[in-house]
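Remarks on the overall topology
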Amino acid sequence: MAAMQLNPVYVAIAVIFAGCIVRFFIKAYELRKFFRDKPGPPHSWVWGHLPVFSTIFQHVPRDSHPHSYAYHVSTIYNLPRFYYMDLWPVFERNLVITDPAIAQQVTVTKSLKKHPILKKFIRPIAGKENILSADGEQWRRWRAVFNPGFSAAHLMTLVPMIVEHTETFVEVLGGMADKGVIFRLEEAATRYTVDIIGRVVLNAKLNAQVSDHPLLTAFRKQINWLPRAQATQLSWYNPIRMYHLWKNGRAMDQYLEAELDKRFESQDMEASKDKKARKRYIIDLALQTYLEEEGGKKGEGLDNEFKRNAISQIKSFIFAGHDTTSSTIAYACHILSKHPSVVAKLCSEHDALFGPDVSGTADLLREDPYLINKLSYTTAVIKETLRLFPPASSVRVGEEGVEIVDPLTGEKYPTKGCLVWVTLEAMHRLPCLWERADEFVPERWLSQESTPPAQEKGLPPQPPANAWRPFEKGPRGCMGQELAMIEMKVALAMTVRRFKFQAVYKEKGWRDKVVGWDGVRREGRGDNVGRLGKGNEEEGGKGVKENHGEEAYQVLLGTAKPKEGLPVRVWRVR
């Protein structure tokens, strides 16, 4: 009889296990039931929407940026405005928004908080207290502190400095052209924009275009160690990845801590109290705030909590301040190589404004920075590049009682429990919003409004209001968007007439020929892109190799980056 008696420990384990199984199926039923009357692709009671990805990967490379997945779901299943995605238990449910009017509801009318997944992703790059993922009073405080550094009047005073670093960029490109080598254009553009943002944020000459710099090296390595689009949640807990994220983060913090201490000791305390005499570099704005709020004095050192917060904000601006700009410059050069008629119009605009002698452009911009405001066609080219290759999308967290309203039917749909995803590739490319949606047509931005006269000129009408949002809209819109536009206009004004580029994805064995930022071929990879710079083909993938007919499709490396750093050759034109 004793042998037949059940061990109470085993009984308890069995009961707990059975309870977990029951709870799992109850939760699964409740979650799956939510989607039965919601717009979305075909739904399975067992698998949710996970099987949809087998269809998506027939149209898009597996290592594409996730916002490409959203675009193809929208087009394949004819879901043009918004839809829900049931990804449980792999991921939480998504509310995907591709309609500009609905996007306004969650970013302007009611600005939902940033989603925790953004905090998790940004923290290794910018620290825990960063302004990019912060909400509430913390975000408002730092936004108010740094707003003066991005005023229109102040930004125009930065143009001569931007021109200075662009001249170095021109020299780098010229050196690559003279050597006839293959190099990664995104890497060169990143070093160029890091030099600029280093001056804006730290008032420091990093000289990243002509030498290695510990801050840039740590940043690039950190971004390369972040999980990619196809990574699982468990990949965050890879001990090797965790070690490298910690190591690179410490290297960035140590460098910036030393810069903060040095800058603090060099502050003119009396001048810092005079608002008219204040400097507008990000590091100085942070220190001036500290002097006002904490009453710090030389010799006492900076408060550790303030230092930690300030370092997070500085890293945020360095990351956000170079990332979008570098990718867009690289993509602009690439897409212009495919559209010689657009290049001809750009050259005509630049010749008319600066004269045919390209060597005089830099001096003219130094003398009159406001000339960049006359580059209407150049601005159109940049806006069209950002439309086709948006750097990121917005992810918010749904809230109890916050609903979206379908502008066509007036029906309301919940956001509670959802990752609310305003996805820009879909919004920027859907034919229902854009005429000739997949074509590069800068002229669409020369039409001031969607009217018959604009169409009579042969220009496609502009899209509905708020459909173009690469810098996002509302109170969480990018603080540095005007600086980014200035940088990109100066870059094109000083390079388009000098150089032409050609991507080499189809050139056999190009990876064995690519050189690094200094024009030197290195064993192993030949450059400094790192382990995650490689693309689908190099990794041995056998799936789709292009997205929207582009081999330079976007992958997730911090933000949306061109595959494998956009390897190119460059030639001198003038």
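Before going into details, it helps to say that this report is about the structure given with it.

The next thing to look at is the overall build of the protein chain. Each helix and strand in the protein chain was counted, giving 20 helices and 12 strands. The burial tally for the protein chain puts 55% of its 574 residues in the buried class. When contacts within the protein chain are restricted to residue pairs at least 6 apart in sequence, those whose partners lie at least 24 apart make up 74%. Surface exposure of the protein chain reaches about 25500 Å², of which carbon and sulfur atoms provide 56%.

On to the nonpolar core. One finds Phe 146, Ile 162, Phe 183, Leu 202 and Ile 318 to be the most contacted residues of the largest nonpolar core, which totals 157 residues. Leaving out residues up to four positions away in the same chain, Leu 202 has contacts with Ile 197, Leu 215, Tyr 255, Leu 256, Ile 283, Ile 314 and Ile 318.

Once that is clear, we can look at the packing of helix H9 (residues 185–202) against helix H10 (residues 214–225). Direction vectors running N to C along H9 and H10 enclose 125°, while the axes themselves pass 11 Å from each other. On the basis of the axis angle, H9 is oblique to H10. As for how H9 packs across H10, the hand of that crossing is right-handed. Contacts between H9 and H10 involve Glu 186, Glu 187, Thr 190, Arg 191, Val 194 and Leu 202 from the first element and Leu 215, Leu 216 and Arg 220 from the second. Of the residues assigned to the contact of H9 with H10, the class counts are four nonpolar, one polar and four charged.

Here we take up the pattern of salt bridges. The final tally for this structure, using the stated rule, is 40 salt bridges. A salt bridge links Lys 315 to Asp 253, with the shortest nitrogen-to-oxygen separation between them at 2.7 Å. In this pair, Lys 315 sits in helix H14 (residues 304–336) while Asp 253 sits in helix H11 (residues 239–266), placing the two residues 62 residues apart along the sequence. On the basis of relative accessibility, which here comes to 4%, the residue Lys 315 falls in the buried class. For Arg 469, the salt bridge is made with Glu 472, and the minimal N-O distance between the two is 2.7 Å. Since its relative accessible area comes to 11%, Glu 472 is described here as buried.

What follows is about the sheet that holds strand E4 (residues 394–397). One open sheet holds the four strands; their spatial order is E1-E2-E7-E4, and the pairing between them is mixed. The sheet is open, and its two edges are formed by strand E1 (82–85) and E4, each paired on a single side. Each strand axis lies, on average, 20° off the axis of its neighbour in the sheet, ignoring direction. Lying over the sheet, helix H3 (residues 66–76) contacts E1, strand E2 (94–97) and strand E7 (419–422), oriented at roughly 115° with respect to E1. Running over the sheet, helix H4 (residues 100–109) touches E1, E2, E4 and E7 and is turned about 125° from E7.

Next up on the list: the environment of Leu 287. Within the element layout of this structure, Leu 287 appears in helix H13 (residues 282–294). For Leu 287, a relative accessible area of 0% gives the class buried. Residues Leu 287 and Leu 260 lie 27 residues apart in sequence; the distance between their C-alpha atoms is 8.2 Å.

A word on H4. Buried residues dominate H4, accounting for seven of its 10 residues. If you check which residues of H4 are buried, you get Pro 100, Ile 102, Ala 103, Gln 104, Gln 105, Val 106 and Thr 107. Packing partners of the buried residues in H4 comprise E1, E2, E4, strand E5 (403–405), E7 and helix H18 (424–429). For H4, the N-terminal cap is Asp 99; the gap from its side-chain oxygen to the backbone nitrogen of Ala 101 is 2.9 Å.

Both the distance between ring centres and the angle between the ring planes are used here to describe each pair of aromatic rings. Overall, the coordinates contain 16 aromatic pairs when judged by the stated rule. Aromatic pair Phe 53 and Phe 57: ring centres 6.2 Å apart, planes at 40°, arrangement tilted. When the ring of Trp 468 is compared with that of Phe 471, the centres are 6.4 Å apart and the planes differ by 80°; the resulting orientation is edge-to-face. The class of Trp 468 is buried, set by a relative accessible area of 15%. A relative accessible area of 8% places Phe 471 in the buried class. One aromatic cluster in this structure is built from Trp 142, Phe 146, Phe 150 and Phe 317. Across from the ring centre of Trp 468, 4.9 Å away, lies the NZ or CZ of Lys 383, which sits over that ring. The residue whose ring lies beneath Lys 500 is Trp 571, and the NZ or CZ to ring-centre distance is 5.8 Å.

Now for the sheet that holds strand E12 (residues 567–572). The four strands lie next to each other as E8-E12-E3-E9, forming an open sheet whose pairing is mixed. For this open sheet the edge positions go to strand E8 (499–503) and strand E9 (514–515), each flanked by a neighbour on one side alone. Pairing of strand E3 (residues 182–184) with E9, which is carried by two bridges, proceeds in the parallel orientation. Along E9, the bridge assignment pairs Ile 182 with Val 514. The strands that helix H8 (residues 159–179) touches are E3, E8, E9 and E12; relative to E12, the one it contacts most, it runs at about 95°. In this fold H9 packs onto E3, E8 and E12, with an angle of close to 55° to the strand it touches most, E3.

This part is about H14. Its 33 residues place the ends of H14 48 Å apart at the C-alpha level, agreeing with the 48 Å of an ideal helix rising 1.5 Å per residue. Burial within H14 is extensive, with 29 of its 33 residues counted as buried. The N-terminus of H14 is capped by Asp 303, whose side-chain oxygen sits 3.1 Å from the backbone nitrogen of Glu 305.

Looking now at a nonpolar patch on the surface. A cluster of nonpolar side chains, contributed by Phe 17, Ile 21, Phe 24 and Phe 25, occupies part of the molecular surface with about 430 Å² of accessible area. The exposure class assigned to Phe 17 is exposed, which follows from its relative accessible area of 56%.

Attention now goes to unusual backbone geometry. Look at the link from Trp 88 to Pro 89: it is a cis peptide, with omega at 10°. Note on placement: Pro 89 falls in the loop between E1 and E2. With a phi angle near 55°, Arg 436 is a residue other than glycine that sits in the positive phi range. Residue position: Arg 436 is located in the loop between H18 and helix H19 (452–456). Accessibility expressed as a relative area gives 40% for Arg 436, which makes it partly exposed. Of note in the backbone geometry, Glu 564 takes a positive phi value of approximately 55° without being a glycine. By the element assignment, Glu 564 lies in the loop between strand E11 (559–562) and E12.

Criteria and thresholds
- Residues numbered from 1 in each chain as written.
- Predicted model: local features only at pLDDT ≥ 70, side-chain atom pairs only at ≥ 80, totals over all residues.
- Heavy atoms only, no water.
- Helix = DSSP H or I, 4+ residues; strand = E, 2+ residues; numbered from the N terminus.
- Buried < 20%, exposed > 50% of the residue type's maximum accessible area, 1.4 Å probe, protein only.
- Contact = heavy atoms within 4.5 Å.
- Areas by Shrake-Rupley, 256 points an atom, 1.4 Å probe, with all protein chains shown as cover.
- Core = buried A, V, L, I, M, F, W, Y, C linked by side-chain atoms within 4.5 Å.
- Axes fitted to C-alpha atoms, helices over the stretch in contact; angles between N-to-C directions.
- Parallel < 35°, antiparallel > 145°, perpendicular 65-115°, else oblique.
- Left-handed = near helix turned anticlockwise from the far one by under 90°.
- Nonpolar A, V, L, I, M, F, W, Y, C, P; charged D, E, K, R; others polar.
- Salt bridge = Lys/Arg side-chain N within 4 Å of Asp/Glu carboxyl O.
- Pairing = 2+ DSSP bridges.
- Polar contact = N/O pair within 3.5 Å; in protein donor to acceptor, adjacent residues only side chain to side chain.
- Phe/Tyr/Trp six-rings, centres within 6.5 Å; stacked < 30°, edge-to-face > 60°.
- Lys NZ or Arg CZ within 6 Å of the ring centre and 35° of its normal.
- Expected span 1.5 Å × (residues − 1).
- Patch = residues over 30% accessible without salt bridge, like charges linked within 9 Å, V, L, I, M, F, W, Y side chains within 5 Å.

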